[in-house]
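Structural characterization, general
Residue strings, one per chain:
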Amino acid sequence: KRKMLETMQKEYEGMPHAIKPLMKDLKLDGIYDVVANLIDTDKKYETAIESSLGGAIYHIVVEDSFVAKKAIQFLKTNKLGRVTMLPIQNMKAKYPHSLAKQETFANQVVKVNPKYQTVIDSLLGRTILCETIDQAIETSKKYDYQYKIVTLEGDIFNAGGSVTGGYRSKKVNWLANKRLQKEQETLFLQKQQQLAQLQEQRERLLEEEKESWQHQQALWNRLEEKKKQKEELQFQTHQLEQKEMEL
């Protein structure tokens, strides 16, 4: 399972088909990665963040418009499809700092390299997270439907008033897969360490057993030597006794 999750992430399996050749074949400096691979969040917020991002979770972060232009030319030349790119130098944060202490905004719960923070602020800086759908309804009204509101179960109250929700398939949950991969990797490393410790312990016991056997062998050899000496003394004593009797 660890290998499967790692392969899914590295090979961009399950993502739009134009992403893999762009990331694996173009080899262009300034193309970083899809948003899904650049961010992490706590398990509690995984569904909410994925719902908040929607298709943007597959967008590719690049350095600037010139890199985006080369990538687009590559896709057109090879007829590979279309992708959306997020040039860091173009992105403008939409984070309402004045409300940061009153509400939990989606960009606040995302962990990302500071290099990409502006991108995340632009994507999630106007999305408020709520625990329940009832809280989301109240929050939407409170701000007169100016912000996107997303529940922890992934229901969305869009800016402007529309609502998106219902059953959400868990077949492809990129953030959960990343977390599971890290957990599996940590577990794998722990098992490797335990195995190495057991191997070290086994080798130590084998060495001790060898030393013990060698010690026992030395004692046995000494015992045999003593027995031979005793037999020799007994033989010499017997010979002396025979000589005395002859006299």
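For the structure itself, look to the data block above.
A brief structural summary. On a predicted model such as this, the values are computed, not experimentally measured, just so you know.

Take the sheet that holds strand S10 (residues 163-164) next. An order of S5-S7-S8-S9-S10 is seen for the five strands of this open sheet, with the pairing classed as mixed. The open sheet has two free edges, formed respectively by strand S5 (104-105) and S10, since each of these has just one partner strand. As paired strands, strand S9 (residues 156-157) and S10 are joined by two bridges and run antiparallel to one another. Of the residues in S10, the one forming a bridge with Phe-157 is Val-163.

Let us now look at the pairing of strand S8 (residues 148-151). The pairing of strand S7 (residues 127-130) with S8 spans four bridges and is parallel. Pairing of Thr-127 across the sheet is with Lys-148, part of S8. Taking the sense of rotation as the criterion, the β-α-β connection linking S7, helix H7 (residues 133-142) and S8 turns out right-handed. Across two bridges, the pairing between S8 and S9 is antiparallel. When the sheet's bridge partners are listed, Ile-149 is paired in S9 with Phe-157. Linking two consecutive strands that pair antiparallel, namely S8 and S9, is a turn of four residues; a positive phi of about 95° is found at Gly-154 within it.

What counts and what doesn't
Residues numbered from 1 in each chain as written. Predicted model: local features only at pLDDT ≥ 70, side-chain atom pairs only at ≥ 80, totals over all residues. Heavy atoms only, no water. Pairing = 2+ DSSP bridges. Helix = DSSP H or I, 4+ residues; strand = E, 2+ residues; numbered from the N terminus. Right-handed = clockwise from strand over helix to strand, strands pointing away.

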